[in-house]
Amino acid sequence: MQRRQWRGSEAFDSGTAHHATYEESAGLLHGPHLPSDPGDALDDEATREASCLGPGSMDLPEPTLASLPAIAARLTEPSVFDREALVHRLLSPDYLPRLRALFGDAEDLEDVDSLRRLHVIFRGAFLLHDATLIEALVSEEAYMDVLGALEYEPGVDPAARPRHRAWMRERATFREPVRVADEGVRRRIHETYRLSFVKDVALPRVLDDATTATLRSLALFNSVEILVTLTADEQVFPGAVCAPGGRGARLGRVARPGALFAGAGRAGQAPAGLAARQPVREAGRAGAV
């Protein structure tokens, strides 16, 4: 264990070079199809609609294909005073599932305008930099639909769009350097990989500092939870739980929680225990606003 540190990035065949490899293979680094500025005609339209709404009009309408322009307008550059109401509405029962269903309908109908507005909507949801909302967006049941919507960036020819879903299905293969039997730990590993994919591949050009910090913090706390759970599992690390100064203490120094995943970053000192997870999230959310 001292000769080789286990890194969460090894859980996927793509390794630490995954993001650069993906962008090169998809033609994303210097592709001529990318707009020079993320703000294009569709974004400008949403911004103009939002500026005409005025204060106190940020309630999101019921999600339908016809209401997508209004939803996109409300999620385009909202004020700090409107973000809490928007997050509350997006997290209300059935709202995100209905948006995801609309993505499937729009793709079946080849409705490019609606698909581009859904891109603006899900991008705006990430930019609200709310930890609970981001976890809902990268959850097992929602992630592929969200990634699919993020493929349809306004201003990019649909034929030349990045294939995020194909990459996740065909190239991102889960590997286990050590057997992980705990389903909660496995979910955290997958969630952390998805967070890194959004940050480094799907939305790197449009993320602001607050959203990037939230993504990194979520990945860091997941890494801490994974490390603490694995080091407490006798089947994974026999003898890891021992007296102070023993092998368990050495493991804490050898495997840094922040080094578990590529792209997790370092958001300050890792908390001593998992009890600090939610308070730190809330503090990060308040500080980002």
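Our structure is the block above this text.
Residues numbered from 1 in each chain as written. Predicted model: local features only at pLDDT ≥ 70, side-chain atom pairs only at ≥ 80, totals over all residues. Heavy atoms only, no water.

Student: Go over the overall build of the protein chain, please, and point to the residues and values.
Tutor: The number of helices and strands found in the protein chain is 13 helices and 0 strands. Mapped from its N terminus to its C terminus, the protein chain presents α and β elements in the order α-α-α-α-α-α-α-α-α-α-α-α-α. Taken over 289 residues, the protein chain has a buried fraction of 48%. Of all intrachain contacts in the protein chain linking residues separated by at least 6 positions in sequence, the fraction that spans at least 24 positions is 73%. In the structure as shown, the protein chain presents an accessible area of about 14000 Å², 52% of it carried by carbon and sulfur atoms. (Helix = DSSP H or I, 4+ residues; strand = E, 2+ residues; numbered from the N terminus. Buried < 20%, exposed > 50% of the residue type's maximum accessible area, 1.4 Å probe, protein only. Contact = heavy atoms within 4.5 Å. Areas by Shrake-Rupley, 256 points an atom, 1.4 Å probe, with all protein chains shown as cover.)

Student: Explain the nonpolar core residue by residue, including any values.
Tutor: L90, L99, L118, F122 and F126 are the most contacted members of the largest nonpolar core, which has 49 residues in total. For this core, the element with the most residues is helix α6 (residues 112-127), which contributes 7 residues. Core analysis: the second largest hydrophobic core is formed by 7 residues, I189, L230, V236 and F237 among them. (Core = buried A, V, L, I, M, F, W, Y, C linked by side-chain atoms within 4.5 Å.)

Student: Describe the environment of S139, listing the residues and the values that go with them.
Tutor: Here S139 shows up in the loop between α7 (131-137) and α8 (143-150). C-alpha separation for the pair S139 and R187, spaced 48 residues apart in sequence, amounts to 9.0 Å.

Student: Go over α6, please, and point to the residues and values.
Tutor: For α6, with 16 residues, the first-to-last C-alpha span of 22 Å sits near the 22 Å given by 1.5 Å per residue. The element α6 is extensively covered by neighbouring structure, given that 13 of its 16 residues are classed as buried. Positive backbone phi, approximately 40°, marks H129, located one or two places after α6. (Expected span 1.5 Å × (residues − 1).)

Student: Outline the pattern of salt bridges, supporting the account with residue identities and numerical values.
Tutor: If the charged atoms of two oppositely charged side chains come close together, the side chains can form a pair. Under the counting rule described, the total for this entry stands at 15 salt bridges. In this structure, E183 engages R186 in a salt bridge whose closest nitrogen and oxygen atoms are separated by 4.0 Å. Of this pair, E183 and R186 both sit in helix α10 (residues 183-202), 3 residues apart, which is roughly one turn of the helix. Assessed through its relative accessible area of 19%, R186 is described here as buried. When the shortest N-O distance is used, the salt bridge between D200 and K199 registers 2.8 Å. Across this residue pair, the class does not change: D200 and K199 are buried. Each member of the salt-bridge network shares a partner with another, and the members are E107, E151, R161 and R165. (Salt bridge = Lys/Arg side-chain N within 4 Å of Asp/Glu carboxyl O.)

Student: So what's going on with helix α4 (residues 83-90)? Which residues, and what values?
Tutor: For α4, every residue scored as buried is listed here: R83, L86, V87 and L90. For α4, the buried positions fall inside an angular range of 100° around the axis, keeping them on one side. Across from the buried face of α4, at angles greater than 90 degrees, the exposed residues are E84 and H88. Check the buried side of α4 and you find it contacts α3 (68-74), α5 (95-109), α6 and α7. (Arc of directions from axis to C-beta.)

Student: Lay out the packing of α10 against helix α11 (residues 209-231) with the relevant residues and their values.
Tutor: The N-to-C vectors of α10 and α11 enclose an angle of 155°; their axes lie 9 Å apart at closest approach. The angle between α10 and α11 places the two elements in the roughly antiparallel class. As α10 packs across α11, the resulting crossing turns out to be left-handed. The segment α10 lies against α11, with V185, R188, I189, E191, T192, L195 and K199 engaging T212, L215, R216, L218, A219, N222, S223, E225, I226, T229 and L230. Taken together, the residues of the contact of α10 with α11 sort by class into 8 nonpolar, 5 polar and 5 charged. (Axes fitted to C-alpha atoms, helices over the stretch in contact; angles between N-to-C directions. Parallel < 35°, antiparallel > 145°, perpendicular 65-115°, else oblique. Left-handed = near helix turned anticlockwise from the far one by under 90°. Nonpolar A, V, L, I, M, F, W, Y, C, P; charged D, E, K, R; others polar.)

Student: How would you sum up unusual backbone geometry? Please name residues and give values.
Tutor: Located in the positive-phi region is D94, a residue other than glycine, with phi close to 75°. Backbone geometry at E110 places phi at a positive 55°, although glycine is not the residue there. Position of E110 relative to the elements: it lies in the loop between α5 and α6.

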